[in-house]
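One letter stands for each residue in the lines below.
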Amino acid sequence: MSHKVIVAGVGMIPFAKPGASEHYHVMGGKAVHLALADAGVDYAAVQQAFVGYVYGDSTCGQRALYPVGMTGIPIINVNNNCSTGSSALFLARQAVESGAADCVLALGFEQMEPGAIKAKFTDRPTPFEEFDNVTDALVGHPEIPLALRYFGGAGKAHMDKYGTKLETFAAIRAKASRHAVNNPLALFRKEVTVQDVMESPAVWPGVMTRLMACPPTCGAAAAVICSEEYAKKHGLNTQVKIVAQAMTTDFPSTFTSKDMMRVVGYDMARDAARQVYERTGIGAEDVDVVELHDCFAQNELITYEALGLCPEGGAEKFVLDGDNTYGGKVVTNPSGGLLSKGHPLGATGLAQCYELTHQLRGTAEKRQVQGARIALQHNLGLGGACVVTMYQTN
């Protein structure tokens with residue numbers, strides 16, 4: 001028997017720059033307390049916990065949860081790069097939907113260091129070996145940090161194929177800043193213009209400026225997931241349901257297509273979205289609000305097409321027509337996204353869940369998308385994994 005899955009409670013702390021946050025376990029504990037309070041349940045009600053983080057030793061999940069409560073429950077530590085938070089959510093949803101548990105916690109946190117992401121283990125092969133080989137062949141520029149080469153290369157591929165202008169990526173970053181002004185939990189809340197983005201230092205001349213990249217960030221977010229039966233029995237909020245969710249990993253095309261857009265997960269995103277649309281009978285045209293993985297402005301643009309929010313090759317028009325913001329077809333990243341809110345790797349997927357839950361409850365205050373009933377979440381990690389989740393309210 002498949003059980004309907006409810007997001008009963010969510011919690012999130014303000015995101016901060018590396019060195020300006022509390023330690024990971026303190027941030028994680030605070031997010032859990034907020035989610036439990038929002039759900040109206042005690043920690044004793046939680047039957048399983050899935051805890052996501054990328055930079056930390058094993059069992060950091062226990063370190064964060066033991067001060068909240070030591071009840072002997074299974075605690076599973078999850079690491080799936082930038083899709084870690086939604087991978088924890090995927091496992092929590094799966095546990096409830098299958099009937100293995102009635103009330104489950106998903107937690108994500110990250111305590112990051114300043115600067116570009118780099119490997120922690122240098123005495124063994126990197127999981128990015130094949131990605132790096134393809135990127136070297138397609139992009140070159142070994143002097144540029146790899147993450148910028150991956151996503152900048154994907155943006156350049158779109159520019160080369162469709163004539164997309166650099167200013168269009170700048171418009172995405174400017175839109176993110178306008179949304180983040182209204183998010184008290186976002187790291188960057190200052191509005192920037194297209195000109196500001198274009199005039200920020202070039203990290204890859206003609207391809208990317210610094211403001212088109214998300215910053216390293218510390219933070220935590222959590223969600224209490226339960227079955228509809230459990231929620232009704234205990235008088236919990238049943239407004240927000242997870243109606244479908246799909247996780248994909250890479251296809252052969254990631255490496256064989258000789259296309260940087262596919263190296264960074266275009267096909268993973270497209271297939272995960274297809275599965276979600278097919279399972280629900282709800283199409284991209286029905287979605288009211290989206291939180292998607294804008295680690296770079298370039299990735300937001302190609303993801304519009306991967307998720308079917310616009311036709312392939314139609315992303316620039318989608319941006320220039322204002323269809324990605326309030327008053328357009330679908331509001332994308334009302335939170336400010338990773339570009340303005342920040343990207344603490346393990347927390348990002350659950351921060352997206354936090355935002356969309358409030359949007360569907362109608363409690364997003366100045367960020368509220370009026371009449372939002374259907375929400376889509378896209379969280380991507382290279383190496384690779386992609387999780388697409390669809391939420392619906394009554």
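This text goes with the structure placed above it.
A. A look at the overall build of the protein. For the protein, the helix and strand inventory stands at 15 helices and 12 strands. Here the C-alpha atoms of the protein give a radius of gyration of 20 Å, agreeing with the 21 Å that 2.2 N^0.38 yields for 394 residues. Counting only C-alpha atoms and orienting by the principal axes, one finds that the protein spans roughly 55 × 50 × 40 Å. Evaluated residue by residue, the protein yields a buried proportion of 62% over its 394 residues.

B. A look at the layout of surface pockets. A volume near 270 Å³ is recorded for the second largest pocket. Along the walls of the second largest pocket sit 16 residues, with Y55, Q111, M112, E113 and K120 positioned nearest its centre. Residue composition of the lining of the second largest pocket, grouped by class: 8 nonpolar, 3 polar and 5 charged.

C. Local environment of the nonpolar core. One finds Y304, L307, L309 and L376 to be the most contacted residues of the largest nonpolar core, which totals 65 residues. A per-element tally of this core places helix α11 (residues 266–280) first, with 7 residues. Excluding residues that lie within four positions of it along the chain, L307 makes contacts with A269, A273, Y277, A284, V290, L292, L376, H378 and V388. Counting 37 residues, the second-largest nonpolar core is a separate cluster that includes M27, V51, L65 and L345.

D. Inspection of empty space enclosed by the protein at higher detail. Here the structure, examined in full by the defined rule, presents 2 cavities of 30 Å³ or more. Considered as a void within the structure, the largest cavity measures approximately 40 Å³ in volume. What lines the largest cavity is K161, Y162, M261, R262, Y266, E305 and E312. Looking at the lining of the largest cavity, the elements with two or more residues in it are α5 (146–162) and α10 (260–263). Considering only residue class, the lining of the largest cavity consists of 3 nonpolar, no polar and 4 charged. Of the pockets and cavities examined, the second largest cavity occupies roughly 30 Å³. As for the second largest cavity, its lining consists of V264, G265, Y266, A269, N299, I302, T303, A306, H378 and L380. Contributing elements (two or more residues each) for the lining of the second largest cavity: α11, α12 (297–306) and β11 (374–381). The leading source of residues in the lining of the second largest cavity is α12, at 4 residues.

E. Spotlight on the pattern of salt bridges. On inspection of all chains with the given rule, the structure shows 19 salt bridges. For the salt bridge of E228 with K241, the shortest nitrogen-to-oxygen distance reads 3.6 Å. Within this pair, whereas E228 is found in helix α8 (residues 228–233), its partner K241 is found in strand β8 (residues 240–248), the two being separated by 13 residues in sequence. One exposure class covers both E228 and K241, and it is buried. Here R270 makes a salt bridge to E312, at a shortest N to O gap of 3.2 Å. With R270 in helix α11 and E312 in the loop between α12 and α13 (315–320), this residue pair connects regions lying 42 residues apart in the sequence. Judged by its relative accessible area of 34%, R270 is partly exposed. Each member of the salt-bridge network shares a partner with another, and the members are D259, R262, D267, R270 and E312.

How each quantity is defined
Residues numbered from 1 in each chain as written. Predicted model: local features only at pLDDT ≥ 70, side-chain atom pairs only at ≥ 80, totals over all residues. Heavy atoms only, no water. Helix = DSSP H or I, 4+ residues; strand = E, 2+ residues; numbered from the N terminus. Rg over C-alpha atoms; globule rule 2.2 N^0.38 Å. Buried < 20%, exposed > 50% of the residue type's maximum accessible area, 1.4 Å probe, protein only. 1 Å grid on protein atoms, 1.4 Å probe; cavity = no way out; pocket = protein on both sides within 12 Å on 5 of 7 lines; lining within 4 Å. Points joined across faces, edges and corners; volume = space filled by probe spheres on them. Nonpolar A, V, L, I, M, F, W, Y, C, P; charged D, E, K, R; others polar. Core = buried A, V, L, I, M, F, W, Y, C linked by side-chain atoms within 4.5 Å. Contact = heavy atoms within 4.5 Å. Salt bridge = Lys/Arg side-chain N within 4 Å of Asp/Glu carboxyl O.

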